[in-house]
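# Structural characterization, general
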Amino acid sequence: QVQLVESGGGLVQAGGSLRLSCAASGRTFSHSAMGWFRQAPGKERDFVAAITWSGKSTYYADSVKGRFTVSRDNAKSTAYLQMNRLKPEDTAVYYCAGHRRSLVTSEASLYDFWGQGTQVTVSS
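To start, this report covers the structure provided alongside it. (Residues numbered from 1 in each chain as written. Predicted model: local features only at pLDDT ≥ 70, side-chain atom pairs only at ≥ 80, totals over all residues. Heavy atoms only, no water.)

## A word on the pattern of salt bridges
Scanning the model with the defined rule gives three salt bridges in all. A salt bridge links Lys65 to Asp62; the shortest N-O distance between them is 3.1 Å. Grouping residues by exposure puts Lys65 and Asp62 together as exposed. Arg67 is the partner of Asp90 in a salt bridge, and the nearest nitrogen-oxygen pair spans 2.8 Å. With a gap of 23 residues between them, Asp90 in the loop between β8 (78-83) and β9 (92-99) and Arg67 in the loop between β6 (58-60) and β7 (68-73) connect regions that are remote in the sequence. No difference in accessibility class separates Asp90 from Arg67, as the two residues are buried. Residues participating in the shared-partner salt-bridge network are Arg38, Arg67 and Asp90. (Salt bridge = Lys/Arg side-chain N within 4 Å of Asp/Glu carboxyl O. Buried < 20%, exposed > 50% of the residue type's maximum accessible area, 1.4 Å probe, protein only. Helix = DSSP H or I, 4+ residues; strand = E, 2+ residues; numbered from the N terminus.)

## Quick word on the environment of Trp114
Looking at where Trp114 falls in the secondary structure, it is placed in strand β10 (residues 113-114). Considering only alpha carbons, one finds Trp114 and Leu81, 33 residues apart in sequence, at a separation of 15 Å. Residues within four places of Trp114 in sequence aside, it is in contact with Leu4, Phe37, Arg45, Tyr95, Cys96, Ala97 and Ala108. (Contact = heavy atoms within 4.5 Å.)

Have a look at this one:
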């Protein structure tokens, strides 16, 4: 099994940037596709971005396309989410997740393991 620990969240001004990290333990990280999700209080958990196990394919929600970049370094067992030109509506708890399917998916129910979440707050 894979355990995920997120870091890098915090408070940032609108228009600023943050980079989230997702450190993984376990031998299966390099064989797992990774995704990022976010959830604001009282709202559903929404898909943000995903990346295949090889890092060759990525997929983004329309709301973050062109502003966010997902990447991974399998040698370091770490996935990243670079967030640029942040907006107040990006404020949420951000989660990383993984699955062993051979596809990039935005469906939260298809992910098998999750991190604890990290808070991102964007001030106006």
